[in-house]
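Each chain is listed here by its residues.
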Amino acid sequence: MTYSSVDIHPTAIIEQGAEIDTGVMIGPYAIIGKNVKIGKNCKIHSHALITGNTFLGEENEVFSFASVGNKPQDLKYKGEYTELRIGNKNIIREYVTLQPGTIQGGGKTSIENENLFMAYCHVAHDCVVGSQNVFANGVQLAGHVTIHNMAILGGLSAVHQFVHIGDMAMLAGGSLTVKDIPPYCMSEGGRAILRGLNIEGLRRRNISVEARNALKTAYKTYFLRGHPTTEDALNSISHLLSFPEVEKFANFIKNSKRGIAHPNVTGKATPSEE
């Protein structure tokens, strides 16, 4: 098999049918499956495996011993056609496992752009990952998880099936997240609870002082005032919806199907918080 404008080590195995664009580097003993498509200027390091119906965009870097596109760890999977689609400029470090979807979950795992997956991370079937997220070493995503954009997941943290993690949220290392984490919030714990807003992240992303203050007010009003229903709590912050950040915060809570993590384990305001 001959490819033009690519650098493929002679020991790499490229199965017949694989599509490799220009500027791609494939290192020693890497294996590329027959249904794989690799976009321009990707780097595939030694001993990496890319298999299944896997589509990589441009300028991705896959490090040694990563397993990208192998069949999902779901007993319902019986070999049906499903996909793993990866965007551009993602960094996939050693021993990361990224798996395709299942028919029951829509048939696709989707990863967008500029994400960093540190060593030993796992992204299970039917996950949806946005852009510019950081997954520290050993992060584990169960099936059907949605990670929005610019979130940071600390090392050895785990996310339960169907949980959503909002924009610029932050999960502490070693936490187990079983409820949705709203945008801009921090969480930690064996059953993760909220620990306030990701103020430093908001500053670094150049969110205005006015928007940060509006988010602080929305957070305190929604979570710490003891409203009887979610609708009442959302109504209480309606005067702040002119800020796009607060609108995103409120819409995330409104659309949550799994339920929202709270600042305490009961999910209700304590007398001291009220």
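Residues numbered from 1 in each chain as written. Predicted model: local features only at pLDDT ≥ 70, side-chain atom pairs only at ≥ 80, totals over all residues. Heavy atoms only, no water.

> Looking at this structure, I do not really get the pattern of salt bridges. What am I missing?
Pairing is possible between side chains that carry opposite charge, provided their charged atoms lie close to one another. As enumerated under the stated definition, the model contains 7 salt bridges in all. Here Lys-248 ties to Asp-167 by a salt bridge, and the two come within 2.7 Å at their closest N and O atoms. Of the two residues, Lys-248 sits in helix H4 (residues 244–255) while Asp-167 sits in the loop between strand S24 (164–165) and strand S25 (170–171), which places them 81 residues apart along the sequence. Take Lys-248: its relative accessible area is 37%, and that puts it in the partly exposed class. For Arg-204, the salt bridge is made with Glu-200, and the minimal N-O distance between the two is 3.3 Å. Of the two residues, Arg-204 and Glu-200 are both situated in helix H1 (residues 199–204); the distance of 4 residues between them amounts to about one turn of the helix. Judged by its relative accessible area of 65%, Arg-204 falls in the exposed class. It is possible to trace a salt-bridge network through shared partners that takes in Glu-200, Arg-203 and Arg-204. (Salt bridge = Lys/Arg side-chain N within 4 Å of Asp/Glu carboxyl O. Helix = DSSP H or I, 4+ residues; strand = E, 2+ residues; numbered from the N terminus. Buried < 20%, exposed > 50% of the residue type's maximum accessible area, 1.4 Å probe, protein only.)

> Would you mind going over the confidence of the model for the protein with me for this structure?
Fine structural detail should not be taken from predicted coordinates in areas where pLDDT scores are low. Of all residues in the protein, 95% attain a pLDDT of 70 or more, and the chain-wide mean is 94. Contacts for the low-pLDDT stretch residues 269–274, under 50 throughout, to residues beyond four places or in other chains number 15 contacts. (pLDDT = per-residue confidence, 0-100. Contact = heavy atoms within 4.5 Å.)

> Please explain the sheet that holds strand S12 (residues 83–86) as it appears in this structure.
Strands in a sheet are paired, the pairing made by backbone hydrogen bonds, and the direction either parallel or antiparallel. Read from one edge to the other, the open sheet built from 8 strands follows the order S3-S6-S9-S12-S15-S18-S21-S24, with strand pairing classed as parallel. Either end of the sheet is taken by a strand with one partner, and the two such strands are strand S3 (19–20) and S24. In the sheet, S3 pairs with strand S6 (residues 37–38) via 2 bridges, with the strands oriented parallel. Along S6, the bridge assignment pairs Ile-20 with Ile-38. (Pairing = 2+ DSSP bridges.)

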